[in-house]
Amino acid sequence: MRTPPDLYQDAELYDALHEGYRDDIAFYRNLVLDTPGRVLEIGAGTGRITLELARLAEELVALEPADA
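What you see is a predicted model, and the numbers here were worked out from it, not measured in a lab.

Let us now look at the overall build of the chain. Of the regular secondary structure elements, the chain holds three helices and two strands. Shown N-terminal to C-terminal, the secondary structure of the chain runs as helices and strands in the order α-α-β-α-β. Relative to its length of 68 residues, the chain is extended, with a C-alpha radius of gyration of 14 Å against a globular reference of 11 Å. When its C-alpha atoms are laid out on the principal axes, the chain stretches across 50 × 25 × 15 Å. Across the 68 residues that make up the chain, the buried fraction comes to 26%. Taking contacts inside the chain between residues at least 6 apart in sequence as the whole, the part at least 24 apart equals 32%. Working note: accessible area of the chain is about 5500 Å², and carbon and sulfur atoms make up 53% of it.

Shown next as C-alpha coordinates:
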(Lines give C-alpha, C1' and ligand atoms only; values in the text may rest on other atoms or scores of the structure.)
Protein backbone atom coordinates (compact mmCIF):
# COMPACT_ATOMS: atom_id res chain seq x y z
CA MET A 1 0.00 0.00 0.00
CA ARG A 2 1.42 3.38 -1.01
CA THR A 3 1.43 6.13 1.54
CA PRO A 4 1.28 9.80 0.60
CA PRO A 5 4.57 11.67 0.80
CA ASP A 6 5.26 13.44 4.05
CA LEU A 7 4.87 17.11 3.19
CA TYR A 8 7.60 18.10 5.62
CA GLN A 9 10.11 15.55 4.32
CA ASP A 10 9.69 16.44 0.64
CA ALA A 11 11.11 19.93 0.21
CA GLU A 12 10.26 20.18 -3.50
CA LEU A 13 6.64 19.21 -2.86
CA TYR A 14 6.37 21.67 0.04
CA ASP A 15 7.73 24.51 -2.10
CA ALA A 16 5.44 23.61 -5.00
CA LEU A 17 2.36 23.58 -2.76
CA HIS A 18 3.27 26.87 -1.10
CA GLU A 19 4.50 28.75 -4.16
CA GLY A 20 3.00 32.20 -4.04
CA TYR A 21 1.48 31.70 -0.56
CA ARG A 22 2.36 34.77 1.49
CA ASP A 23 -0.60 35.20 3.84
CA ASP A 24 1.44 34.22 6.90
CA ILE A 25 4.50 36.35 6.24
CA ALA A 26 2.94 39.56 7.60
CA PHE A 27 2.48 37.84 10.96
CA TYR A 28 6.16 36.90 11.19
CA ARG A 29 7.30 40.28 9.84
CA ASN A 30 5.36 42.03 12.60
CA LEU A 31 6.95 39.84 15.26
CA VAL A 32 10.43 40.77 14.05
CA LEU A 33 9.60 44.46 13.71
CA ASP A 34 7.99 44.60 17.16
CA THR A 35 11.04 43.05 18.83
CA PRO A 36 14.21 44.17 17.03
CA GLY A 37 17.44 42.27 17.50
CA ARG A 38 18.19 38.59 17.21
CA VAL A 39 15.73 36.12 15.75
CA LEU A 40 15.74 32.35 16.20
CA GLU A 41 13.59 30.48 13.71
CA ILE A 42 12.99 26.88 14.70
CA GLY A 43 11.73 24.66 11.92
CA ALA A 44 12.88 26.89 9.07
CA GLY A 45 11.93 24.35 6.42
CA THR A 46 12.96 25.41 2.94
CA GLY A 47 13.47 29.03 3.97
CA ARG A 48 10.21 30.42 2.63
CA ILE A 49 9.82 32.67 5.68
CA THR A 50 13.51 32.75 6.59
CA LEU A 51 14.35 34.93 3.59
CA GLU A 52 11.92 37.61 4.70
CA LEU A 53 13.11 37.45 8.31
CA ALA A 54 16.73 37.82 7.19
CA ARG A 55 15.89 41.13 5.53
CA LEU A 56 14.48 42.52 8.78
CA ALA A 57 16.39 41.01 11.67
CA GLU A 58 19.68 42.30 12.99
CA GLU A 59 20.81 38.68 13.31
CA LEU A 60 19.01 35.50 12.30
CA VAL A 61 19.65 31.88 13.20
CA ALA A 62 17.44 29.36 11.41
CA LEU A 63 17.31 25.72 12.47
CA GLU A 64 15.81 22.85 10.50
CA PRO A 65 16.11 19.23 11.61
CA ALA A 66 14.87 17.63 8.36
CA ASP A 67 17.52 16.66 5.83
CA ALA A 68 15.28 17.59 2.93
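Right, picking up where we left off after that structure.
The next point concerns the environment of L53. You can see L53 is positioned in helix α3 (residues 50-56). Spatially, the C-alpha atoms of L53 and A68 are 21 Å apart, while their sequence positions differ by 15 residues. Apart from residues no more than four positions distant in its own chain, L53 is found in contact with Y28, V32, V39, E41 and L60.

Both strand β1 (residues 38-42) and strand β2 (residues 59-63) contribute to a ladder of five bridges, which runs parallel. Note on β2: the bridge partner recorded for V39 is L60. Following the chain from β1 across α3 to the adjacent parallel β2, one finds a crossover that is right-handed.

We now examine the packing of aromatic side chains. A full pass over the atoms with the stated rule returns one aromatic pair. Consider the rings of F27 and Y28, whose centres lie 5.1 Å apart with planes at 80°: the pair is edge-to-face.

What follows deals with the pattern of salt bridges. Per the counting criterion, the structure on display carries five salt bridges. The partner of E59 in a salt bridge is R38, and the shortest N-O contact between them spans 3.2 Å. In this pair, E59 is assigned in strand β2 and R38 in strand β1, connecting sequence segments 21 residues apart. Residue classification places E59 among the partly exposed positions, given a relative accessible area of 38%. R38 gets classed as exposed once you look at its relative accessible area, which sits at 69%. Between R55 and E52 there is a salt bridge; the shortest N-O distance is 3.0 Å. Separated by three residues within a single helix, R55 and E52 lie in helix α3, roughly one turn from each other. A relative accessible area of 61% means that R55 is categorised as exposed.

The rules we used
Residues numbered from 1 in each chain as written. Predicted model: local features only at pLDDT ≥ 70, side-chain atom pairs only at ≥ 80, totals over all residues. Heavy atoms only, no water. Helix = DSSP H or I, 4+ residues; strand = E, 2+ residues; numbered from the N terminus. Rg over C-alpha atoms; globule rule 2.2 N^0.38 Å. Buried < 20%, exposed > 50% of the residue type's maximum accessible area, 1.4 Å probe, protein only. Contact = heavy atoms within 4.5 Å. Areas by Shrake-Rupley, 256 points an atom, 1.4 Å probe, with all protein chains shown as cover. Pairing = 2+ DSSP bridges. Right-handed = clockwise from strand over helix to strand, strands pointing away. Phe/Tyr/Trp six-rings, centres within 6.5 Å; stacked < 30°, edge-to-face > 60°. Salt bridge = Lys/Arg side-chain N within 4 Å of Asp/Glu carboxyl O.

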